[in-house]
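Descriptive analysis of the structure
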Amino acid sequence: MFQKKSKLSDETEVTKVPTPSTDQKIESRVKPMTSTAGVKNYGADNALRPKPGGYNTAPEEKKEGSRLHVGADIHLKGEITSCDRLIVEGKVEASMNSKEIEISESGVFSGTVDIDTADISGKFEGTMQARKRLVIRKSGRVTGTISYGEIEIEPGGEIGGTLNRISNKDQPSLLSEMEKDAGKKEAQADTAKANM
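Position numbers for residues start from 1 in each chain and track the written sequence from start to end. Totals for whole chains, interfaces and linings use every residue, but because this is a predicted model, local features are given only for residues with pLDDT of at least 70 and side-chain atom pairs only at 80 or more, for both listing and counting. Side-chain figures throughout are based on the complete set of non-hydrogen atoms in the structure, without hydrogens or water.

1. Remarks on the overall build of the protein
For clarity, the cut-off: Helix and strand assignments come from DSSP, with helices taken as H or I runs of at least 4 residues and strands as E runs of at least 2, each series counted from the N terminus. Classification of residues uses two cut-offs on accessible area relative to the type maximum, computed with a 1.4 Å probe and protein chains only: under 20% is buried, over 50% is exposed, and between them is partly exposed. It only takes one pair of heavy atoms within 4.5 Å for two residues to be counted as in contact. For accessible areas, the Shrake-Rupley method is used with a probe of radius 1.4 Å. Any residue's cover is judged against the shown protein chains and nothing else.
A tally of helices and strands in the protein yields one helix and eleven strands. Each helix (α) and strand (β) of the protein, taken in turn from the N terminus, gives the series β-β-β-β-β-β-β-β-β-β-β-α. Out of the 196 residues belonging to the protein, those deemed buried represent 19%. Look at the contacts in the protein between residues 6 or more apart in sequence, and 3% of them connect residues 24 or more apart. A total accessible area of about 15,500 Å² is found for the protein, and carbon and sulfur atoms account for 51% of it.

The structure is reproduced here in structure tokens:
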């Protein structure tokens, strides 16, 4: 209870050190969180945790498909397979056969792609076959051998190289229908002049 404190002098001083009483409760600073059901979970939201499947149940199918995201500081080289959607923010040198590619403003893709749709805000160099749609945003730069089903270029977007439109025989384009109509009108005008 009492301790002696030594000083430089010969006199001793007595000080009282408080001792904890047995009636006091020590309270922790970390308090458990409670959910709406009153269950303590200590910081992890159990509603966000994946629920394990029952025994002998099939795993859930992915709704989005496989996706590869190449971050801004990443440089990837090689062949990309089994990827439904590629998002490029860094640099990719590869060949790829997929459904979609999206190149962000900071992204660079060099190589060969065979895809359904392409959305280009960054830079593409190489060979591209966009079977359905190619969109070049205002900051997009596309060069190389480009084949496309439909193309959309925003003001400011750039495209260069060899361009080929992929013809879809099942769905005639509006332009080809207009050309056919113009040809029919010319033929009718020629036959009308000949009959005069």
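2. Focus on the side chain of S98
What counts here: Polar contacts here mean pairs of N or O atoms no more than 3.5 Å apart (in protein, one a potential hydrogen donor and the other a potential acceptor; neighbouring residues in sequence count only if both atoms are side-chain atoms).
Topologically, S98 is positioned in the loop between β6 (91-97) and β7 (100-103). The class for S98 is buried, based on a relative accessible area of 6%. A distance of 3.1 Å separates a polar atom in the side chain of S98 from the backbone oxygen of D84. Residues within four places of S98 in sequence aside, it is in contact with C83, D84, R85, D114, I115, D116 and R131.

3. Here's the deal with the packing of aromatic side chains
Test applied: Each aromatic pair joins two rings of Phe, Tyr and Trp (for Trp, the six-membered one) with centres within 6.5 Å, and gets the label stacked for planes under 30 degrees apart, edge-to-face for over 60, and tilted for any other angle.
Per the stated rule, a full pass over the model turns up one aromatic pair. Where F109 meets F124, the ring centres are 5.6 Å apart and the plane angle is 10°; that geometry is what we call stacked. Taken together, the residues F109 in strand β8 (residues 108-120) and F124 in strand β9 (residues 123-136) connect sequence positions 15 residues apart.

4. Structural notes on the nonpolar core
Formally: Take the buried Ala, Val, Leu, Ile, Met, Phe, Trp, Tyr and Cys residues and link them wherever side-chain atoms come within 4.5 Å; each set so joined is a nonpolar core.
Counting 23 residues, the largest nonpolar core has L86, I101, F109, V113, F124, M128 and L134 as the members making the most contacts within it. When residues of this core are traced back to their parent elements, those giving at least two are β5 (85-88), β6, β7, β8, β9 and β10 (141-153). Aside from chain neighbours lying at most four places away, what touches F124 is I103, F109, G111, V113, R141, V142, T143 and I146.

5. Comments concerning the environment of E89
By secondary structure assignment, the location of E89 is in the loop between β5 and β6. Along the backbone, E89 and V108 are 19 residues apart, and their C-alpha atoms lie at a distance of 7.3 Å. The contacts of E89, once residues within four sequence positions are left out, are H69, V70, G71, A72, S104, S106 and G107.

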